[in-house]
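# Survey of secondary and tertiary structure
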Amino acid sequence: GNHFLCWVVFGALVSAPYLDAWPAFFLRVFGGLGMIVSMLLDCLDGMQARRTGKSSKLGACLDHWLDAINVPLAIAGTVLSLGLDPWTVAAATGAAVLVYNGQVTVYNERDRFIHPPGVDGALAGTGGGVLMIVFAGLLLFFPMTTRWVAVGITGVVWCVNVVQFKIAWWYLREIRMKGPHLMTIGTIVAIIALTGFEAISPLAGALALVFLSFRLSGTLVLFTVIAKPAARWDLTLVIWLIAICLSEWSIGDYTFRGYQLENSVPYLGMLYVVTANLVDLGKHAPELTGDAHQTTA
């Protein structure tokens, strides 16, 4: 239910910039409230599992597996709703992917979640929802075309980005096997650059980062829960990046009824990610539905 809510909130937020002031305001407020409710739901499932003593490997996997999408999706929806420039959109979403991947990498190595001192994910997510509601009220009276509004909102988002990058750096220092994680960082940076240089649209770039998180972080979660060594690096992701670059070179700005054809490659990659993750989940379903498994989140 929480995962479905996250997609509804994302759809509302990304639709807002294309509507008149009042409809956009209501969608942004709905998005902010939805983010707060999502944080509550994310806390309640663990509380309910502990209260009833009904935790399981499948539950642990699905919880954090889907968070690999939910966490960056909320950030992506926020920055896309504000109509920010491609670099800001990609950096904000990419930073969220880095933070969550660092968290689950440490989880994979130590079989428990750890957090930087003073950092509370639920509080940060709730604060993001409140901030979205504040921005909604501001944009109702002062559009993003107003220079001080654009500069101010962009500045606030970059302050959040800096905090996220600092948290990602903290996790990097905690990670024991840094080699695979550096490959993950390189892939994320590549998609940020492709989006920033407008090889793909901000929407396609943000969603590409979200689904990259699902493939990399979600896979780490799955193998951590079933207590097996993490899968090897998925070379298809590298082919995906190369294909995006080649499509920019060969297709460029060609459009079909207003749709940029070069964005098809990122979306095809997302389809691959969903398929591959579902195959992995089905393959390891017997191990996930077996003995009870306690996890600390």
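With that settled, consider the packing of helix α4 (residues 86-110) against helix α8 (residues 202-225). Put simply, α4 and α8 touch, their axes get as near as 9 Å, and they point 0 degrees apart. Between α4 and α8, the crossing angle belongs to the class labelled roughly parallel. Residues Pro-86, Val-89, Ala-90, Thr-93, Gly-94, Val-97, Tyr-100, Asn-101, Val-104, Thr-105, Tyr-107 and Asn-108 of α4 form the contact with α8, whose participating residues are Pro-202, Ala-206, Leu-209, Val-210, Ser-213, Leu-216, Ser-217, Leu-220, Val-221, Phe-223, Thr-224 and Val-225. For the contact of α4 with α8, the per-class residue count stands at 16 nonpolar, eight polar and no charged.

Once that is clear, we can look at the environment of Ala-206. The topology assignment puts Ala-206 in helix α8. A relative accessible area of 1% means that Ala-206 is categorised as buried. Each C-alpha atom of the pair Ala-206 and Lys-54 lies 36 Å from the other, and the pair is 152 residues apart in sequence. Residue contacts for Ala-206: discarding those within four places in its chain leaves Ala-76, Leu-80, Val-89 and Thr-93.

With 25 residues, helix α3 (residues 57-81) extends 36 Å between its outermost C-alpha atoms, agreeing within 8% with the 36 Å of an ideal straight helix rising 1.5 Å per residue. Largest kink in α3: about 35 degrees, centred on Asp-67. Among the 25 residues that make up α3, 18 are buried, leaving the element largely enclosed by the rest of the structure. Where α3 ends, the next residue or the one after it, Gly-83, has phi of about 70 degrees, a positive value.

For the coordinates displayed, the defined rule picks out four salt bridges. Linking Asp-280 and Arg-215 is a salt bridge whose minimum nitrogen-to-oxygen distance equals 2.9 Å. Taken together, the residues Asp-280 in helix α10 (residues 264-283) and Arg-215 in helix α8 connect sequence positions 65 residues apart. As a salt-bridge pair, Lys-228 and Glu-287 come within 3.0 Å of each other at their nearest N and O atoms. Of this pair, Lys-228 sits in the loop between α8 and α9 (235-250) while Glu-287 sits in helix α11 (residues 285-288); the two residues are 59 residues apart in sequence, bridging distant segments of the chain. The class for Lys-228 is partly exposed, based on a relative accessible area of 38%. Since its relative accessible area comes to 26%, Glu-287 is described here as partly exposed. Connected via shared salt-bridge partners are Arg-215, Asp-234 and Asp-280.

Note that Val-163 resides in helix α6 (residues 147-174). In this structure, the C-alpha to C-alpha distance between Val-163 and Gly-118, residues 45 residues apart in sequence, is 12 Å.

Take the packing of aromatic side chains next. Aromatic rings in a pair are described by how distant their centres are and how their planes are angled relative to each other. Scanning the entire structure with this criterion turns up ten aromatic pairs. Consider the rings of Trp-22 and Phe-25, whose centres lie 5.6 Å apart with planes at 85 degrees: the pair is edge-to-face. Note that Trp-22 and Phe-25 are positioned in helix α2 (residues 21-52) at a spacing of three residues, about one turn of the helix. When the centroid spacing of 4.2 Å and the interplanar angle of 15 degrees are considered together, the rings of Tyr-107 and Phe-113 count as stacked.

The rules behind the values
Residues numbered from 1 in each chain as written. Predicted model: local features only at pLDDT ≥ 70, side-chain atom pairs only at ≥ 80, totals over all residues. Heavy atoms only, no water. Axes fitted to C-alpha atoms, helices over the stretch in contact; angles between N-to-C directions. Helix = DSSP H or I, 4+ residues; strand = E, 2+ residues; numbered from the N terminus. Parallel < 35°, antiparallel > 145°, perpendicular 65-115°, else oblique. Contact = heavy atoms within 4.5 Å. Nonpolar A, V, L, I, M, F, W, Y, C, P; charged D, E, K, R; others polar. Buried < 20%, exposed > 50% of the residue type's maximum accessible area, 1.4 Å probe, protein only. Expected span 1.5 Å × (residues − 1). Bend = angle between axes of the 7 residues up to and from the residue. Salt bridge = Lys/Arg side-chain N within 4 Å of Asp/Glu carboxyl O. Phe/Tyr/Trp six-rings, centres within 6.5 Å; stacked < 30°, edge-to-face > 60°.

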